[in-house]
Every structure is written in structure tokens, then in C-alpha cells.
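# Notes for the structure review
Listed below, chain by chain, are the residues.
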Amino acid sequence: MVTGGDQFDFDFIVIGSGFGGSVSTLRLTEKGYRVAVLEMGRRWAPHCLPRSSWHIHRWLWRPSLGLHGFFNMRMFRHATIFHGCAVGGGSITYAATLLAAPDQVWHSGSWRGLVDWTAEMPTHYQTAAGMLGVTENKILGTADHLLKYTGDATECGHTFYRTRVGILQSCDGNTVNQQVPDPFFGGEGPPRATCTGCGGCMMGCRYGAKNTLDLNYLYLAEKKGARIFPETKVVDVRPLTPSDDGLSGYKVLAVKSTSWMRRQPQQFTCRGIVFSASALGTMELLFRLRESGSLPGISRTLGKHVRTNSESIIGARVPQCADDLSQGIAIGSGIYIDEHTHIEAVRYPNGSDVMGLLTTMLTDGQPGPRRIGLWAKNIVSSLIFHPMQTLRLFRLWGWARESTILLCMQALEGHIEMRWQRRWFWPFRKMLSSYGDKVPTYIPKANQFARKFAGIAGGTGMSMLPEILFDVPGTAHCIGGCVIADSPEGGVVDSHHRVFGYRNMYICDGSVLAANLGVNPSLTITALSERAMSFIPLASETRWNDTALWHRVRSTA
Ligand SMILES: Cc1cc2nc3c(=O)[nH]c(=O)nc-3n(C[C@H](O)[C@H](O)[C@H](O)COP(=O)(O)OP(=O)(O)OC[C@H]3O[C@@H](n4cnc5c(N)ncnc54)[C@H](O)[C@@H]3O)c2cc1C
Ligand code: SF4
């Protein structure tokens, strides 16, 4: 029987330091637990962040190719998934838009009816918003004004709003980079600086104005004693006593993620564990551990109900635009073009033109050969009738300065499934692969909106090349796969985020979300993690082997 003491390296190990992981780390540390965070990505200081996306080795994460940045792109048959990888998880590369999900999302999916979400969540949203310093955007750039004009011209201008963001701005919205003492935590937090409106949030904020997790949750947690191990990738988690359910604690094996040859394996022991490796990371790790026999009791629903927020990325490019469309904050404003469909104005900073490789001329039509044919025809006729304009449209140089991305999200139901399989093109090892109905890459209303936007701006509409050629949408909002449910037949965790079948094991990240939110998910992930942590007793009151604290349901495996 485990009764306590220091025979474990840590009380809790948190895997991943994104939104869910950072909340878990701080709240567990505050409750008196000894906490370690094992994070695959690097730790970043503002001055080390890349100046533009051309500094690919500092931007992209692909250690096998020597790329040690913080932004990762994974291609699947149903979606190209963008996600972050760093101390601070997705917060280093995210656009800092922090919106609460509309109430209707709690009434669909496998979490429906488990608790009174609409009554419980507002408190946790409030805590999350306070910690992340959410405020209304005061800096509108040309792209935001264009969004409003387009809304007015399409009769949805009244739904235009300034985004709520986790960015420190000066009171009057001026864009001077002013150094200030900690404005958020009564002097406990780090000194900060105000936003310059450079549009660079997704390349990492070099000014210290974006409220990344290393400046709030993780900063405070480290101050209170939590330990963060960067560049440390978890490859195995198993109960200390083989074949038990975690009662005896866990053994965690990790390797150095940035080293290819000398991987420096490290072993840790702990009593409890929190998986916070993001939807994709947690699914991948749990599939591997279930398959290897380390955690055979993980629910068979693992990988089901993966959602992409039904996103489609379109936009407009205005060659030789008089204004710099990259100015403002990365996502400065949004608009609802109908009750389910929401569009945000997004930008990369001047000089970060690499994303231009993925964009092309806006093309309508249902996916397939006909859409590809139409796309080719549009390009050829445009080259014949407007050769200079067309060439300028495809020129990579100047793309960020002349372009606005329109990120379209829908709160409609729809999901895919991830399985752990060998693929015909790489039979040497198993990997995640996607199945199910295709996520729509063509949302007619959104294309019409992009065309109108481009017309008003004096430019040309843009589509994403993979959406046209391969019918694969891009998404930065992959969620689900380990969803909250009432039993292991419905999901992987219960409404307190406890993993079915194991003791003292939790999941706190985007993988537990059980519905498409229709808005950016980070605030909801943070709020849900705050809620999950609120149920964990103080370290001094915990009885690790108390079955009453452990969920009744055993594995279905
Ligand atoms: C370019 C971009 C812009 C975005 N903009 C917004 C936005 O404006 N608003 C918004 O709400 N959302 C935005 N998102 C999405 C947001 O970043 C994610 O939804 C959010 O970060 C998910 O939080 P999480 O806690 O699930 O995990 P993450 O924040 O993704 O953190 C997971 C961490 O786990 C680590 N990890 C994974 N596997 C392992 C392992 N085996 N061992 C150790 N560590 C591991 C990863 O390196 C990562 O750091 C954006 C995403 C991108 C890519
Ligand atoms: S707009 Fe520039 S200064 Fe402001 S938060 Fe984003 S990167 Fe930082």
C-alpha cells in the first residue's frame, strides 16, 4: 500500500506545458504537491524568437531535420493540423484570441448532461481570463477595417467585434513598446512591455507583450517550486507495479527530444500523472502506451470524436497595397456571417512570407477533379488577361504585407477518427491516421465573403492550395480524441478529467473537448483545466490509495 513519503521523485508529473499543462502545474503546486513538467519543446526568450518565418530552423519543429522551432504542421488525409511545441505549448505561436464558447456547445457531444456546464463554467472562464489577462483588442489595423466594411456590404456588419485577446496593450491603444512592472499578479509576475501592433504574434512575440503561459501560469508555478524539464519527450508511462491500475504510482520514461543520436533516457517516478500533450500529442502517446502494454486499460474510444472546429482558411491578397495589411495584432477582429459561421481577420508580420507557399487563387466548387480543373482554368485565363497582376499575386516576396487570411470556423457537429496503424507508404511503424467523413473544404458563403473582401480591398481572393488540390483543410484547432463522457464506452475521461481504468491519472488539454466550439479553443481548455484541478484535494489531505477518490469505472479493454 502506498501511504506517502518521498519514495517518489515527484507527486505529479505533467506531460506537456500548454494551456492544460500550465494550469495543472500551477494549481497542483499551489496545493502543496511536488510537480514536474516534462515538455518536448524548447524554452524561448523573446530575443531568441525568429524575426520572420524565413528563419525556418527557429520557427518549425521537426527535430529529425534539425529544425528546433515551436510550430509544427502534421498532414493527415482529413486535415493538415498546425500546433505549437515549446515551454508554454501552443501559447508561444498562437494568436492570443481568447473567446468563451457559446452555451450551445455544452448541450451536444458526450459531455451533454453530465454536469450543469452552463452554471459551472462561467466561474472557471473568469479565472482563466484573469490569469491570461484577457482584454478587448484596442489596435485595429487596415485588415480589421476591411472586415467591417465587407460585413456592412454583406449585411452582417452589426456582428463585427474586436477580438478579446491575451495581449498587454497600453491604455489608449497606442503602439509604443513601453516597459512596465508586472501588471497582472500584484508584483508576483514578471515585468512586461506593451504591444506594438506588429502583427507578429504567431511568430512568437519578440516584445514580451503577448501573455504567453511562461509569463503567467508557468512563471508563478516555477516560483512556487514546480520544475520544468524542456526538450524532454515522454515515451513511456506505466504503473510501478506491473498490471495494477496506478495505485502503486507510475514510472515515466523520457528522452531528449532535440537530440537524434544521444537521446539521454531519463526515468522518473510519481504518484499521479496529468497528460497535457495536446489533442494530437496525448492521443499519439496513449495509443502507443495501450499498444505496448504499458497502459492496456485505456478506453477503446481513444481517437474517436476528433474535431477540427470545421475550419476553412481563405483570404485576400492586395498586390502593391498602399497600406501594410500585416499591421495590427494577429487576429484583431471577427464577424458572424450567419449563426453558425464565424470569420476572423488574421495576419502574419511583414516579412513572414513563407505561408504564401500554401495559398493560391480563390476557387469555388465541390472538391475533386472539377474544382482542380476550375482552379487551373482560372489561373491560365488570369495569366492571359492580367499577366502582371497574376504574377504579382503569386510572388512570395511581400505576401504577409499584402495579405489578410480569413479564418472561417463553424460550430456545426462533425468529427473524424484517428487510428493507430501502419500505412502502405510507411509500413515500418504505426502512426496516427485519420478516418471518417471529409471535413468540408468549401464553404460557399465564406468564399463569397472572401471575394467581396478582396473586391473592396482592390485585390484577389485566396484559397489554401492543399484544400483545392487534395481536399484537405488546414486547422490550428484540433480537439477531442480523449473526450469527456459518463463511461469508458463513451470516452476516455470522466467529468473530473480522470482517466477511466486508472488511478490518479488525468487528462487536461484539448483532447477532452467533446464538441466543436466554433471559436478558438484555448480559453475553454484553460477554463476546463481550472475546473478539473479544483476537484483535487490539498496535498496534506490526499489519501492516494483511497478508492472513494478514485473513479468507480474500470476499463472496458
Ligand atoms: C498558429 C496557431 C495560432 C493559434 N491561435 C490561436 C488563438 O488565437 N486562440 C486560440 O484559442 N487558439 C489558438 N491556437 C490553438 C491553440 O494553440 C491550441 O488550441 C492550444 O495550444 C491547445 O492547448 P493544449 O493544452 O491542448 O496543448 P498545447 O498548448 O498544444 O501544448 C501541448 C504541449 O505538449 C507537448 N508535448 C506533446 N507530446 C509530448 C510528449 N510526448 N512529451 C512531452 N511533451 C509533449 C508539446 O510540445 C506542447 O508544448 C493556435 C494554434 C496555432 C498553431
Ligand atoms: S502584435 Fe507584435 S507586439 Fe503585439 S503581441 Fe503580437 S507580436 Fe507582440
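Residues numbered from 1 in each chain as written. Chains lettered and ligands numbered in written order. Predicted model: local features only at pLDDT ≥ 70, side-chain atom pairs only at ≥ 80, totals over all residues. Heavy atoms only, no water.

### Some details on the pattern of salt bridges
With the rule as written, the count across this model stands at 20 salt bridges. Note that Arg74 and Glu284 form a salt bridge whose closest N and O atoms lie 3.1 Å from each other. You can see Arg74 sitting in strand S5 (residues 71-75) and its partner Glu284 sitting in helix H6 (residues 278-292), a full 210 residues away along the chain. Among the residues examined, Arg74 registers a relative accessible area of 21% and is labelled partly exposed. With its nearest N and O atoms 3.4 Å apart, the salt bridge here joins Arg395 to Glu402. Taking relative accessible area as the criterion, Arg395 reaches 31% and is therefore assigned partly exposed. The exposure class of Glu402 is buried, given its relative accessible area of 4%. Several salt bridges share partner residues, and in doing so they unite Asp11, Arg34 and Arg271 into one network. (Salt bridge = Lys/Arg side-chain N within 4 Å of Asp/Glu carboxyl O. Helix = DSSP H or I, 4+ residues; strand = E, 2+ residues; numbered from the N terminus. Buried < 20%, exposed > 50% of the residue type's maximum accessible area, 1.4 Å probe, protein only.)

### A short note on the environment of Tyr506
Positionally, Tyr506 belongs in strand S27 (residues 505-507). On the basis of relative accessible area, Tyr506 is assigned to the buried category, the value being 10%. Taking the C-alpha atoms as reference, Tyr506 lies 4.7 Å from Val274; in sequence the two are 232 residues apart. In contact with Tyr506, not counting residues within four places along its chain, are Phe12, Ile273, Val274, Phe275, His496, His497, Arg498, Val499 and Ile536. (Contact = heavy atoms within 4.5 Å.)

### Focus: the state of the cysteines
Inspection of the entire model under this criterion finds zero disulfides. Distance from the sulfur of Cys408, which forms no disulfide, to the nearest cysteine sulfur (Cys156) is 11 Å. Relative accessible area serves as the criterion here: at 0%, Cys408 is assigned to the buried category. The thiol of Cys508 is unpaired, and the distance to the nearest cysteine sulfur, on Cys482, comes to 12 Å. (Disulfide = S-S within 2.5 Å.)

### Topic: a nonpolar patch on the surface
A surface patch of nonpolar side chains, about 570 Å² in accessible area, is lined by Trp424, Phe425, Trp426 and Phe428. Relative to the helices and strands, Phe428 resides in strand S23 (residues 426-435). Judged by relative accessible area, Phe428 falls into the exposed class, the value being 61%. (Patch = residues over 30% accessible without salt bridge, like charges linked within 9 Å, V, L, I, M, F, W, Y side chains within 5 Å. Areas by Shrake-Rupley, 256 points an atom, 1.4 Å probe, with all protein chains shown as cover.)

### Points about the site of ligand 1
Taken together, 38 residues sit near ligand 1, with Glu39, Gly90, Thr97, Gly510 and Ser522 positioned nearest. One of the backbone N or O atoms of Met40 is found 3.1 Å from a nitrogen atom in ligand 1. Look at ligand 1: alone it shows 1,000 Å² of surface, and the protein chains cover 95% of it. Mapped by element, the contributors of at least two residues to the shell around ligand 1 are helix H1 (19-30), strand S6 (80-84), strand S13 (232-239) and helix H12 (522-534). (Near = heavy atom within 4 Å. Polar contact = N/O pair within 3.5 Å; in protein donor to acceptor, adjacent residues only side chain to side chain.)

### Some remarks on the packing of aromatic side chains
Under the criterion given, the structure shown has 18 aromatic pairs. Residues Tyr348 and Trp399 carry aromatic rings whose centres are separated by 6.4 Å and whose planes lie at 45° to one another, so their mutual orientation is tilted. One end of the pair, Tyr348, is in the loop between strand S19 (341-346) and strand S20 (359-361); the other, Trp399, is in helix H9 (residues 399-402), with 51 residues separating them in the sequence. Look at Tyr348 and you get buried, because its relative accessible area is 7%. You can call Trp399 buried: its relative accessible area is 2%. Clustering of aromatic rings is evident, with ring pairs tying together Phe10, Phe229 and Phe268. We note Arg42 situated over the ring of Trp44; from NZ or CZ to the ring centre the distance is 4.3 Å. (Phe/Tyr/Trp six-rings, centres within 6.5 Å; stacked < 30°, edge-to-face > 60°. Lys NZ or Arg CZ within 6 Å of the ring centre and 35° of its normal.)

### Concerning empty space enclosed by the protein
According to the stated counting rule, one finds one cavity of 30 Å³ or more in the structure shown. Here the largest cavity defines a volume of roughly 80 Å³. Along the wall of the largest cavity there are 14 residues; nearest its centre are Cys195, Cys198, Cys201, Cys205 and Ala209. Per-class residue counts for the lining of the largest cavity are eight nonpolar, five polar and one charged. (1 Å grid on protein atoms, 1.4 Å probe; cavity = no way out; pocket = protein on both sides within 12 Å on 5 of 7 lines; lining within 4 Å. Points joined across faces, edges and corners; volume = space filled by probe spheres on them. Nonpolar A, V, L, I, M, F, W, Y, C, P; charged D, E, K, R; others polar.)

### Describing the site of ligand 2
Contacts to ligand 2 come from 13 residues, most closely from Cys195, Thr196, Cys198, Cys201 and Cys205. Placement of ligand 2 is best described as lying within the largest cavity. Residues of the shell around ligand 2, tallied by class, amount to seven nonpolar, five polar and one charged. (Sits in = over half its atoms within 2 Å of the grid points.)

### What to know about the nonpolar core
One finds Ile13, Val237, Ile273 and Phe275 to be the most contacted residues of the largest nonpolar core, which totals 132 residues. Considering each element in turn, this core owes the most residues, seven residues, to H6. Non-local contacts of Val237, meaning those with residues more than four positions away in its chain, are made with Ile15, Tyr250, Lys251, Val252, Ile273, Phe275, Leu289, Ser294 and Leu295. Residues Phe160, Cys321, Cys408 and Ile443 belong to the second largest nonpolar core, which totals 23 residues. (Core = buried A, V, L, I, M, F, W, Y, C linked by side-chain atoms within 4.5 Å.)

Functional significance is not addressed by these values, which are geometric in nature.
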